[in-house]
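# Observations on the model geometry
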Amino acid sequence: MGIYRRYISLKDPQKTEEQIIKVHGSYGALLFDRRWKDKRLSILERDNKRCVICDFNENLQVHHRQYHYIEMSKKFKVPWDYPDKLLITLCNSCHQRGHSQYKVPIIHI
Ligand SMILES: [Zn+2]
Ligand SMILES: [Zn+2]
């Protein structure tokens, strides 16, 4: 769980986004957490196991539309702790393209 620990304990929000994307876009340690697996599956099922952009049904990933930085604890929210409306199903290529074109907003809470 080394990657995950780094992900939630980073203190510099600017730098952190790159790290999050790196971890989030890959099948890294994060995805082995049962809570993420369950959350991810519920999002995939809600979206009928298809990319919401291109309708493709393979290589699916769940994307966060915002990242929440908790001021009080100086940590990012754990990935499964987001409301469903902030999570969407994307295929790998739409996901990578999205991340290269748009910056995911970081909301300080
Ligand atoms: Zn797609
Ligand atoms: Zn993403």
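Predicted model only: the values in this text are computed from it and were never measured. (Residues numbered from 1 in each chain as written. Chains lettered and ligands numbered in written order. Predicted model: local features only at pLDDT ≥ 70, side-chain atom pairs only at ≥ 80, totals over all residues. Heavy atoms only, no water.)

## Focus: the overall build of the chain
What counts, and what does not: What counts as a helix is a DSSP run of H or I of at least four residues, what counts as a strand is a run of E of at least two, and both are numbered from the N terminus. Here's how the labels work: a residue is buried when its accessible area is under 20% of the maximum for its type, exposed when over 50%, partly exposed in between, all with a 1.4 Å probe on protein chains only. The contact criterion used is simple: two residues touch if any of their non-hydrogen atoms lie within 4.5 Å. Per-residue and other accessible areas follow the Shrake-Rupley method at a 1.4 Å probe size, with only the shown protein chains counted as cover for residues.
The helix and strand inventory of the chain stands at 4 helices and 5 strands. Mapped from its N terminus to its C terminus, the chain presents α and β elements in the order α-α-α-β-β-β-β-α-β. Across the 109 residues in the chain, those meeting the buried criterion constitute 39%. Here the contacts in the chain between residues at least 6 apart in sequence split such that 74% fall between residues at least 24 apart. Put simply, the chain shows about 6,600 Å² of open surface, and 53% of that area lies on carbon and sulfur atoms.

## With respect to the coordination of the zinc ion (ligand 1)
What counts here: The rule for donors is simple: N, O or S, within 2.8 Å of the metal, or within 3.2 Å if the metal is Na, K or Ca. Water isn't counted, so a site may look like it is missing partners. Geometry assignment treats four donors as tetrahedral when all angles are between 85 and 135 degrees, treats four as square planar and six as octahedral when opposite donors are over 155 degrees apart and all others between 65 and 115, and treats everything else as irregular.
Those donors, Cys 51 (SG), Cys 54 (SG), Cys 91 (SG) and Cys 94 (SG), are the protein atoms that reach the zinc ion (ligand 1), and they lie 2.3 to 2.4 Å from it. In this structure, the zinc ion (ligand 1) is coordinated by 4 donor atoms arranged in tetrahedral fashion, with angles at the metal of 103 to 118 degrees.

## With respect to the packing of aromatic side chains
How we decide: Stacked, edge-to-face and tilted are the three classes for Phe, Tyr and Trp ring pairs, Trp counted by its six-membered ring, which pair at centre distances within 6.5 Å; planes under 30 degrees apart are stacked, over 60 edge-to-face, the rest tilted.
Scanning the entire structure with this criterion turns up 1 aromatic pair. Relative to Phe 76, the ring of Tyr 69 has its centre 5.0 Å away and its plane inclined at 70 degrees; by these criteria the two rings are edge-to-face. Each of the two residues, Tyr 69 as well as Phe 76, counts as buried.

## Regarding the side chain of His 68
Mapped onto the elements of the fold, His 68 is located in strand E2 (residues 67-70). Judged by its relative accessible area of 8%, His 68 is buried. Those residues within four positions of His 68 in sequence are excluded, and the remaining contacts are Lys 75, Phe 76, Lys 77, Tyr 82, Leu 86, Ile 107 and Ile 109.

## Let's talk about the side chain of Lys 39
We count it as follows: Definition of a polar contact: a pair of N or O atoms within 3.5 Å, with one able to donate and the other able to accept a hydrogen when the atoms are protein atoms, and with sequence-neighbouring residues admitted only if both atoms are side-chain atoms.
One can find Lys 39 in helix H3 (residues 34-46). Side chain to side chain, Lys 39 and Asp 84 meet in a polar contact 2.6 Å long. When sequence neighbours within four positions are dropped, the list of residues in contact with Lys 39 reads Trp 80, Tyr 82, Pro 83, Asp 84 and Leu 87.

## Here we look at the environment of Leu 44
Relative to the assigned elements, Leu 44 resides in helix H3. For Leu 44 and Val 62, which are 18 residues apart along the polypeptide, the C-alpha to C-alpha distance reads 7.4 Å. In this structure Leu 44 touches Lys 49, Leu 60, Val 62 and Thr 89, once residues within four positions along its chain are discounted.

## Observations regarding the sheet that holds strand E5 (residues 106-108)
Basically, it comes down to this: Any two strands with at least two DSSP bridges between them are considered paired.
Strand order in the open sheet formed by 3 strands is E3-E2-E5, and the pairing between neighbours is mixed. The two strands at the open ends of the sheet, each matched to only one other strand, are strand E3 (75-76) and E5.

## A closer look at the confidence of the model for the chain
Going by this rule: Values of pLDDT, which run from 0 to 100, indicate the predictor's confidence residue by residue.
Per-residue confidence for the chain gives a mean pLDDT of 80; residues scoring 70 or more make up 72%. Across the chain, the secondary-structure element scoring lowest on mean pLDDT is helix H1 (residues 2-9), at 41, and the one scoring highest is strand E4 (residues 87-91), at 97. The model gives residues 1-14 a pLDDT under 50, and that stretch makes 26 contacts with residues more than four places away or in other chains.

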